[in-house]
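For reference, the chains in residue letters:
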Amino acid sequence: MNVGIIGSGAWGKALATLVARAGHQPRIGYRRNPPGGIPGTPNLDTLVAESDLTILSVPSDAVESVIRQCKPGAESRMVIATRGLQPETGEWLSDLVVSLSPCRRVGSLAGPALAAEVVRNRPSGMVIASPFDEVCTLTQDALHSAICRVYTSNDMRGVELAGAMVLVLSMAVGITVGLDLGIGSRGIVITRGIAEATRLGAALGAHPQTFAGLAGVGDLVSCASHKDHPSFAAGLALARGARCPERFQRDAQSVIRLAQRSEVDLPLTSAVAAIATGELRPKLAFDALMRREARAE
Amino acid sequence: MTQESSRSVSRALRGRMKVRIEEMSDDALYSYLAEAVYLERQRLLKSTDATAEEERAAVESAARAIHEGRAEMIEAVLAMTRTYAHEIHNRFSERTYEVATKLLPGALTRLLSAAGPKTALGPDFDPGSRIAVHGPVDMLRQLAETHTLVLAPTHVSNLDSPVIGYALYQTGLPPFIYGAGLNLFDNPAMSFFMSRLGAYTVDRRKRHRVYKDVLKDYSTERIGRGAHSLFFPGGTRCRSGKIETRLKRGLLGTAIQAWQEGLQAEGEGREILVVPCTLSFSLVLEAETLIEDSLSEQGKARYIISDDEFSEPTTVYHFARKVLNLDASVHVRFGAPLDLLGNPVDAQGCSLDPGGQPFERRAYVMTEGGDVVADPQRDKVYTNHLATALSHAYQRDHTVLSTQVVARAAWDCLTMRYPRLDTYQQVLLAPHEQWVDREVLLTRLREWLDQIDRLTEAGALHQALPKGEGERAELVLTEAVERFSSYHSRPAVAHEDWRILVDPKLALYYGNRLAGVPAPEVKR
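Keep in mind it's a predicted model, so treat the numbers as computed, not measured.

Calculation notes
Residues numbered from 1 in each chain as written. Chains lettered and ligands numbered in written order. Predicted model: local features only at pLDDT ≥ 70, side-chain atom pairs only at ≥ 80, totals over all residues. Heavy atoms only, no water. Helix = DSSP H or I, 4+ residues; strand = E, 2+ residues; numbered from the N terminus. Rg over C-alpha atoms; globule rule 2.2 N^0.38 Å. Buried < 20%, exposed > 50% of the residue type's maximum accessible area, 1.4 Å probe, protein only. Contact = heavy atoms within 4.5 Å. Areas by Shrake-Rupley, 256 points an atom, 1.4 Å probe, with all protein chains shown as cover. Core = buried A, V, L, I, M, F, W, Y, C linked by side-chain atoms within 4.5 Å. Buried area = accessible area lost by both parts, 1.4 Å probe. Salt bridge = Lys/Arg side-chain N within 4 Å of Asp/Glu carboxyl O. Polar contact = N/O pair within 3.5 Å; in protein donor to acceptor, adjacent residues only side chain to side chain. Pairing = 2+ DSSP bridges. Axes fitted to C-alpha atoms, helices over the stretch in contact; angles between N-to-C directions. Phe/Tyr/Trp six-rings, centres within 6.5 Å; stacked < 30°, edge-to-face > 60°. Lys NZ or Arg CZ within 6 Å of the ring centre and 35° of its normal. pLDDT = per-residue confidence, 0-100.

Asker: Can you explain the overall build of chain A? Please cite residues and give values.
Answerer: When helices and strands are tallied, chain A shows 14 helices and eight strands. The C-alpha radius of gyration of chain A comes to 19 Å, within 12% of the 19 Å expected for a compact globule of 297 residues. Projected onto the principal axes, the alpha-carbon positions of chain A cover approximately 55 × 35 × 30 Å. For chain A, the proportion of its 297 residues judged to be buried stands at 56%. The contacts of chain A with a sequence gap of at least 6 include a subset with a gap of at least 24, amounting to 67%. Carbon together with sulfur atoms contributes 51% to the accessible area of chain A, which is approximately 12,400 Å² in total.

Asker: Just give me the short version of the overall build of chain B, but keep the residues and values in it.
Answerer: In terms of helices and strands, chain B carries 19 helices and 14 strands. Buried residues in chain B amount to 56% of all 524 residues. Relative to all contacts within chain B whose residues are 6 or more apart in sequence, the contacts with residues 24 or more apart total 76%. When the accessible area of chain B is evaluated, it comes to approximately 23,300 Å², of which 52% is carbon and sulfur surface.

Asker: Just give me the short version of the nonpolar core, but keep the residues and values in it.
Answerer: If you look at the biggest cluster of nonpolar residues, it comprises 92 residues, and the most contacted ones within it are A:Ile55, A:Leu143, B:Ile21 and B:Leu390. Considering every element that reaches this core, the biggest residue donor is helix 4 (residues 70-88) of chain B, with nine residues. Those residues within four positions of A:Ile55 in sequence are excluded, and the remaining contacts are A:Val3, A:Gly4, A:Ile5, A:Ile6, A:Leu15, A:Val79, A:Ala81 and A:Leu143. Core analysis: the second largest hydrophobic core is formed by 78 residues, B:Ala199, B:Leu414, B:Trp448 and B:Tyr510 among them.

Asker: Give me the lowdown on the interface of chain A and chain B, citing residues and values where you can.
Answerer: Counting residues at the interface gives 13 residues for chain A, matched by 14 residues for chain B. With both chains or domains summed, chain A and chain B bury close to 1,100 Å², and 59% of this area falls on carbon and sulfur atoms. Together, A:Pro102, A:Arg104 and A:Phe132 form the three largest contributors to the area buried by chain A at its contact with chain B, with a combined 43%. In this structure, the connection of chain A to chain B is made through zero salt bridges. Counting every contact that joins chain A to chain B gives seven residue pairs in polar contact (both at pLDDT 80 or more). Considering each element in turn, the side of chain A that touches chain B owes the most residues, three residues, to helix 4 (residues 93-100) of chain A.

Asker: Give a detailed account of the side chain of A:Thr176, specifying residues and quantitative values.
Answerer: Residue and element names in this part refer to chain A. Among the secondary structure elements, Thr176 is positioned in helix 7 (residues 156-178). Its relative accessible area of 1% is what places Thr176 among the buried residues. Looking at Thr176, its side chain comes within polar contact range of the main-chain oxygen of Val173, at 2.7 Å. Discounting residues that sit within four places of it in the chain, Thr176 has contacts with Leu181, Ser185, Arg186, Val189 and Phe286.

Asker: Please give an account of the side chain of B:Asp379 that cites residues and values.
Answerer: Note on placement: B:Asp379 falls in helix 14 (residues 376-397). Excluding anything up to four places from it in sequence, B:Asp379 contacts B:Ile256, B:Gln260 and B:Val365.

Asker: Any chance you could break down the sheet that holds strand 11 (residues 435-437) of chain B for me, citing the residues and the numbers?
Answerer: All names here are of chain B. As summarised here, the arrangement of the three strands in space is 11-14-13, forming an open sheet in which the pairing is antiparallel. This sheet does not close on itself; its edge strands, each paired only once, are strand 11 and strand 13 (493-496). Pairs of neighbouring strands in the sheet enclose a mean axial angle of 30 degrees, with direction left out of account. Taken together, the three bridges between strand 11 and strand 14 (residues 499-502) define a ladder with antiparallel strand orientation. What sits directly across from Asp437, in strand 14, is Arg499. Sheet contacts for helix 17 (residues 438-457): strand 11, strand 13 and strand 14; angle to strand 11, the most-contacted strand, approximately 80 degrees.

Asker: Go over the sheet that holds strand 3 (residues 177-181) of chain B with me, naming the residues and quoting the values.
Answerer: All names here are of chain B. Read from one edge to the other, the open sheet built from seven strands follows the order 1-7-6-2-5-3-4, with strand pairing classed as mixed. The open sheet is flanked by strand 1 (131-134) and strand 4 (199-202), the only strands paired with a single partner. Both strand 6 (residues 272-281) and strand 7 (residues 330-334) contribute to a ladder of five bridges, which runs antiparallel. Each bridged residue has a counterpart across the sheet, and for Phe281 the counterpart in strand 7 is Val330. Packed onto the sheet, helix 8 (residues 160-171) meets strand 1, strand 2 (148-153), strand 3, strand 5 (229-230), strand 6 and strand 7 and runs at close to 60 degrees relative to strand 7.

Asker: Before we move on, can you summarise the pattern of salt bridges with the specific residues and values?
Answerer: According to the stated counting rule, one finds 45 salt bridges over all chains in the structure shown. Residue A:Asp219 is joined to A:Arg83 by a salt bridge in which the shortest nitrogen-to-oxygen separation is 2.7 Å. Of the two residues, A:Asp219 sits in helix 10 (residues 214-224) while A:Arg83 sits in the loop between strand 5 (77-80) and helix 4, which places them 136 residues apart along the sequence. Assessed through its relative accessible area of 25%, A:Arg83 is described here as partly exposed. A salt bridge links B:Asp379 to B:Arg378, with the shortest nitrogen-to-oxygen separation between them at 3.0 Å. Pair check on accessibility: B:Asp379 and B:Arg378 agree, each one buried. Here the residues in one salt-bridge network are B:Arg16, B:Glu221, B:Arg225 and B:Glu261, joined through shared partners.

Asker: Give me the packing of aromatic side chains: which residues, what numbers.
Answerer: Residues and elements named next belong to chain B. Taken as a whole, this structure holds nine aromatic pairs over all chains when the rule is applied. The interplanar angle of 90 degrees and the centroid separation of 5.9 Å between the aromatic rings of Phe359 and Tyr364 together place this pair among those described as edge-to-face. Of the two residues, Phe359 and Tyr364, neither departs from the other in class, the shared state being buried. Here the basic side chain of Arg417 rests over the ring of Trp435, its NZ or CZ set 3.9 Å away from the ring centre.

Asker: Explain the confidence of the model for chain B to me, and be specific about the residues and the numbers.
Answerer: All names here are of chain B. Averaged over every residue, the pLDDT of chain B is 85; the share at 70 or more is 82%. Per-element mean pLDDT across chain B ranges from 46 in helix 6 (residues 104-114) up to 97 in strand 8 (residues 351-352). Note on residues 109-122: pLDDT under 50 across the span, and 20 contacts to partners over four residues away in sequence or across chains. Overall fold confidence for the complex sits at a pTM of 0.89, while the interface term, ipTM, reaches 0.92.

Below, the structure written as C-alpha cells:
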C-alpha cells in the first residue's frame, strides 16, 4: 500500500516509521522542510493522487491551507492525525476536508503515541475513527505492527473532540505541576477533565466510552506525563508567570466556543482558557475551582 | 408498465431475494422468515380486510416451512416475495398518464368534487394561479432526458401527491413513480389517479424485513431501469409542522445501489440525480390532527393516521375549495439537483466540487481500473451525506408564507406573556388566556419580517409575503388572519378588537415551519 503523510515534522516522520514497520511504502509530503532519509515530495496533490491513504500531520491552523493545496478527490481517503479543532470557528477539522473537496472518506487518528518513542521502537497505541469501516481497516493495516496497536472506532467526532480536549487538559496538568499543587491534583484534573470531555461529547452525539479510551484518557495520561509535550510545557510555563503563546490560547478558546454552542458547562476547561488569555491568574483560577459548590460526581 | 415488464420486474425481485437468502446461514434464514411470520400473525389477528383469510393461509404455510428445512424456507420467502411484488406493482401506464395529464386541470377539479356536492369549481378554475411552482425547471427538464431523477420532497399533507403531480405536469417534467401508503387508496378518487400516475403501494403495516427488502429491491430495480422516482425522505407527514431534518435513508439508499449496478453493467445504466423539493402550504388540511398527534403521548404509536381530515371526503372538498381559491396558497419549489452524495451538479449533470469544478463521481465507488467496489457500509455513510445535503436544501429552499410567520410571532408573544410555561403547558392554556396584544404581535412580526428579509437577501430562504400599500406587518397579519379564518373551525390567529386570539396548537403547528430559522432577538 502507498501511504502519503503530509507533514515532515517529528510526528510525520514517526508515522512514516510506523508505516514502514507495518510493511508498506511511506512517502512524506512537505512544504518547507524535506524529511531527510524518507522518500518525500513537495507536490502534495500528486502525493494524494498516488496514495491509497493519506495521513495529515500538520498543525491545526495549517490544515485548511494544506487541503486546498493537496486537493483530495472522490477516490481519496484522508486521515487527520492532528489534535484540535478549527482555530477560528471551533468546528471539526474533518469537516474541512468535506467542505473544501469532494473527498468523503475521512478519519481521525489519535492516541498515546509519542514521536520520540515511536522512532525508538517503544510500544505505542492509537485509535482510528471514521464512519467508514474501509478507512478504519485501511489505516489499521497501514500502521498496526508488533510495536503499535491500532484500534478502530466509528466515533470520529468523539476522537476529534478527545484530541482537542487533551491539548487543553494537558495544559491544565502542566499548570498544576508548575503551581506545585501535588500529585493528587493531577489525578483530579485528569479525571474531572475527562468528565467534562465526556459531557460535551455526549451533547454532540459522541460515545462516552471514547473518552475513556486511547484518544481520551490514554492520550491525556501520556501527554500530561511528558514534560516536553508542548501543551504540558505551556501550562508549566504559564504557572510560572510566562505569557501563553497564541496557538495554545486558540486551542482552549476553540473548545470553549464549541461548548457554548452546545450549552455545556466546562468549568475546568473554562478556567484554563481564562488563564491562557491572561484573564485569570493560575493560582486564583484553581482556588476558585476548588471552592465550587459540592456536588455528586 | 406493460404486463411483460411487470413479469420481468417480479422475476428480478425474486432473483434479488434469492441471492440475498442464499448468502444467509441457516440460523439467519430461520430468523428472517420467523420474524415475518410472527409480525404477520400479529397484524392479521385484528385484520378485517377482505384478503385477510388468504393472507393468514399464506402465513401459516410459511410457518410450516420454518420447521421443515432450508429448501422449504427459501421457497416460502420466495413465495412471499412474489406476493409482495404483485401487491407493490402499480398499474402505471404511459398512455393513460398522457391522457390524464392533458385532462389534469379538469381531473383535479373532478377529484375535488368527486366525493362531495357535484358543483365543480367551474371551467375557469385554473390551478396555475393557486399553486406556484419555482426552481430550475428548464435544467431539470433537460437532465430528465439523459438522467434518472429521484425527486425528494418535504412531506406536509396527503395532498402533497396531487400537488406535486400537478407541478410536474405544469413544468413538463416526465412522470415519476412513487410509493403511496396503502391507506391512501381507501379514498376512491385518489386511488384512481394515484395508480395511474405512478403510485405503487406501500403497506406500512408490514414491518418485517422480508417486506422491507422487497420494497427496497423494487425501488432499486425500477430506478435501475430508468424510472424517475419520488420518495418522501421524511417517511411520513411531519406531525409537528417543522421542516424535516431527520430523514429516512432506506429508500434513498436504493438510488446509490441502482447507480452502482448500472456502472457494473458496463455503464449501461443512466446516471442518477436527486432533486430536493420543498412544499409550503398557506393552510394544511390535516393540521389539527397532526399537531394533536405530535403533542399527544400516543403520537409515536399512531404512525399511520388513517382517521384524520383526509379520510373525510367532504372535508377534503371543503379544504380544496377554500385553499385552492386563495391566490398562490401553495408553493412548490424544485431545488438545484444533486448527485447521490449531495454534491451540486451542472447543467450536464456533472458533479461539481466546492470550487465549482467538475469531478468524476464514479471514483466514489470505482477503482482506477474501472471496477465497482461493493461496500454496503460505505454506501450507508454516503447516503447520510446525501440526507444532510437534502435537509440543508429544505431549509434554504423553503418559501415563507404569511400564515407561518404570523403563527410564529403569535406563539412567541404567548411565550413572552407566559415565560414560565413550557411548550406542553402553553398549548393547554385556558381559552381566556389564549390571546396577545395586537401591537405586541405587530412588533414581534416586524422583527421576524426583518429577519426573513435578511435571510432572503443572503440566499438562505425564500418568501412569498404580501406587498402593497400600507404597513408591511399589517398587510401580512391581515392576509394571515383571512386565510386562517377560511378553513380552520378555530383559526390559529383571529382579530378581536384590540386583541389577537391565538389557538396555541395551530400557532405552534404553523409557526414550526420556521423552527429551522434563527429567531430574531426580542428588542424591548
